[in-house]
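# Observations on the three-dimensional arrangement
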Amino acid sequence: MGKRDPRVDAYIAKAADFAKPILNQLRETVHDACPDCEEAMKWSSPAFMYKGILCGMASFKQHATFGFWNRRVVGDARGDAMGQFGRVTKLSDLPSKKTLTGYIKKAMALIDEGDKAPRTPRGPAKPIAVPGDLASALRKNRKAHIAFDKFPPSHKREYVEWITDAKREETRTRRLQAAIQQIAEGKPQNWRFMK
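In this text the structure is predicted, and so the values were computed from the model without any measurement. (Residues numbered from 1 in each chain as written. Predicted model: local features only at pLDDT ≥ 70, side-chain atom pairs only at ≥ 80, totals over all residues. Heavy atoms only, no water.)

Time to look at helix α5 (residues 142-150). Listed as buried for α5 are Ala144, Ala147 and Phe148. Looking down the long axis of α5, one finds its buried residues gathered within 100 degrees of arc, a one-sided arrangement. Exposed side chains of α5 directed beyond 90 degrees from the buried face belong to Arg142 and Lys150. Its buried side turned inward, α5 meets α4 (132-140), α6 (153-164) and α7 (169-184). Residue Asn141 occupies the N-cap position of α5, its side-chain oxygen lying 3.2 Å from the main-chain nitrogen of Lys143. (Buried < 20%, exposed > 50% of the residue type's maximum accessible area, 1.4 Å probe, protein only. Helix = DSSP H or I, 4+ residues; strand = E, 2+ residues; numbered from the N terminus. Arc of directions from axis to C-beta. Contact = heavy atoms within 4.5 Å. Polar contact = N/O pair within 3.5 Å; in protein donor to acceptor, adjacent residues only side chain to side chain.)

This is the structure we're talking about:
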């Protein structure tokens, strides 16, 4: 038997008036199609769990959304906003209850088969273009040069962006000096905010 979450009740109660019937209908349709689903809050929005995330819904000031975790469930989806059914502003924007039930059952079957949502392949990391003044300062400080070479790309990129984002030459010079000192100590650029 499925489980309802009082936080979803509160979420729907706080939604805009146009969204309440949409969210309530989506909720009932999911529970009818998947009696074993459990409600949860994911990313501050209602989600329906069935051996993992099945689907979720959300409401905003002027639209609501609904979508499946595995995007292959709905082949002809519009996919704008956050869900596969676009910006839902009225009940008639949703597919029929029968169609939606079919999608939910398809999503459940994919989960039962062990089919995971495909990940978007990442392209190769962009090379980090170290500006000349930073490269020169690193060559002059052996300890900083060795530490910078050992940094992961994210730490290198943070320093490069911090230095190159300076609008005035004085700011850039000050940041460059601070960067060399911090790098020599093995500290990432945002070391103050790390635990």
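Turning to its location among the elements, Arg27 is positioned in helix α2 (residues 19-33). When near neighbours in sequence (up to four residues on either side) are disregarded, Arg27 contacts Arg4, Asp5, Val8, Asp9, Ile12, Glu39, Phe48 and Met57.

What follows covers the pairing of strand β3 (residues 53-59). With respect to burial, β3 is a largely interior element, seven of its seven residues being buried. Where strand β2 (residues 45-49) meets β3, three bridges bridge the pair, whose relative direction is antiparallel. Bridge assignment links Ala47 to a residue of β3, and that residue is Gly56. The turn linking β2 back onto β3 is made up of three residues, and Lys51 within it adopts a positive phi angle of 55 degrees. Between the antiparallel neighbours β3 and strand β4 (residues 64-68) lie four residues. (Pairing = 2+ DSSP bridges.)

Shape is all these values report; function is a separate question.
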